[in-house]
Amino acid sequence: MNYIGSKLSLMDFLENTIADVTGFGGPCVFADLFAGTGVVGSKFKEKGCTVIANDIQHYSYVLNKHYIENYPPLDASPMEYLNSLNGVDGFVYKNYCPGSGSGRNYFTDENGRKCDAIRQEMERMRSCGEISEGQYYYFLASLINSIDKYANTASVYGAFLKHTKKSAAKDFVLEPLPVIDGGKGGRAYNEDINELIHKIKGDVLYLDPPYNARQYCANYHVLETISRYDDPVLTGKTGLRDYSGQKSLFCSKRTVEKAFDELLAGADFKYVFLSYNNEGLMSLETIKNIMEKYGKYEMFTREYRRFRADREENRRHKSDSTIEYLHCLIK
């Protein structure tokens, strides 16, 4: 997925720096607590680590539930059956497709109906015991990842496009995600990080919080609803669900420093790594001062191209690149 803050392009930087600082070349207990699409946690699972993943967004929880807790072999044969289903007029079609009269153009009518049919059948198969819990999260994670490729947006779901773009007009196909082999005993959570931190412990804690005031729940609300499929009340032109219970303290200048300090204070990990860029709500000096309270502090940098969720003429940026800082605390 083309995801805000994805560390896919920075994985070599993260892997090499973490290995150099910790001396861990193999298995350890690795926590990725702002997990997003699971890129970082999945990589460390492949390296043999026991991974603890967490994210307050449910769609992210589902992705990580699959990536971290599922292991091969995993029966994917129902995938063909799910792809053969005829579309139905479900929640996605009625609220996110133009033909329903919703006024929203997130998906074509055909793709919205197909998504509804697959999502409803997954739930039925799970409740009837036709698929295991592992298969359920495998198929649901695959649905979330697949349907995103057909969204009629400019990458995030803060708005939909007036006219249907080429990729959104293609016929939706449910594609299986990889099943990752590696370290055993990992677990995914869907909790507030500042509460979860008191329930877990390990060797390496990796933190990749939001850097600015944009709440992920607003940017990916459609995926959240497909993941939960809970018939929420939607409001406004873009069909936002109520996300008051999912707002991150790390997205507010008023609350971020206190939340970060409390997180470090409660962390039972030898090594803590924080990814942050040079345009974030917390200054470099603030981060350094907070981390130094709990042990030895170091900092590493890498320049990379910024994420663009819109066309260049719609938003003026100061530069095409930004600097990623990997802050390190040795407790």
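Fair warning: this is a prediction, and the values are worked out from it, not measured in the lab.

Across its full length, the protein chain holds 13 helices and seven strands. Relative to the compact-globule value of 20 Å for 331 residues, the protein chain shows a C-alpha radius of gyration of 20 Å, a close match. Projecting the C-alpha coordinates of the protein chain onto the three principal axes gives extents of approximately 60 × 45 × 30 Å. Each of the 331 residues in the protein chain was classed as buried or not, and the buried ones make up 55%. Partitioning the contacts of the protein chain with sequence separation of at least 6, the portion at a separation of at least 24 is 76%. Approximately 14800 Å² of the protein chain is accessible, and the part contributed by carbon and sulfur atoms is 48%.

On to the packing of helix 6 (residues 109–127) against helix 7 (residues 133–148), then. Between helix 6 and helix 7, the least distance of the axes is 10 Å, while the angle of their chain directions is 170°. The angle between helix 6 and helix 7 falls in the class roughly antiparallel. In this structure, helix 6 contributes N111, C115, I118, R119, M122, E123 and R126 to the contact, and helix 7 contributes E133, Y136, Y137, F139, L140, L143 and I147. The class makeup of the residues in the contact of helix 6 with helix 7 is nine nonpolar, one polar and four charged.

On to the confidence of the model for the protein chain, then. Scored by pLDDT, the protein chain has a mean of 94; 95% of the residues are at 70 or more. The low-confidence segment residues 310–317, where pLDDT is below 50, has five contacts with residues more than four positions distant or belonging to other chains.

Take empty space enclosed by the protein next. Take a probe with the size of a water molecule and roll it over the atoms, and the empty space left behind shows itself. Tallying each qualifying case throughout the model produces one cavity of 30 Å³ or more. Every residue lining the largest cavity is listed: E15, I18, A19, T22, F24, G26, C28, F44, K47, C49 and V204. If one sorts the elements of the lining of the largest cavity by residue count, helix 1 (residues 11–22) sits on top with four residues. Here the lining of the largest cavity is composed, by residue class, of seven nonpolar, two polar and two charged.

Look at the link from P72 to P73: it is a cis peptide, with omega at 0°. Mapped onto the secondary structure, P73 falls in the loop between helix 3 (58–69) and helix 4 (78–83). Of note in the backbone geometry, S155 takes a positive phi value of approximately 105° without being a glycine. By the secondary structure assignment, S155 is in the loop between helix 7 and helix 8 (166–169). Phi angles above zero are rare outside glycine, and D231 is one such case at about 50°. Note on placement: D231 falls in the loop between helix 11 (221–228) and helix 12 (256–266). Look at D231 and you get exposed, because its relative accessible area is 55%.

Rules used throughout
Residues numbered from 1 in each chain as written. Predicted model: local features only at pLDDT ≥ 70, side-chain atom pairs only at ≥ 80, totals over all residues. Heavy atoms only, no water. Helix = DSSP H or I, 4+ residues; strand = E, 2+ residues; numbered from the N terminus. Rg over C-alpha atoms; globule rule 2.2 N^0.38 Å. Buried < 20%, exposed > 50% of the residue type's maximum accessible area, 1.4 Å probe, protein only. Contact = heavy atoms within 4.5 Å. Areas by Shrake-Rupley, 256 points an atom, 1.4 Å probe, with all protein chains shown as cover. Axes fitted to C-alpha atoms, helices over the stretch in contact; angles between N-to-C directions. Parallel < 35°, antiparallel > 145°, perpendicular 65-115°, else oblique. Nonpolar A, V, L, I, M, F, W, Y, C, P; charged D, E, K, R; others polar. pLDDT = per-residue confidence, 0-100. 1 Å grid on protein atoms, 1.4 Å probe; cavity = no way out; pocket = protein on both sides within 12 Å on 5 of 7 lines; lining within 4 Å. Points joined across faces, edges and corners; volume = space filled by probe spheres on them.

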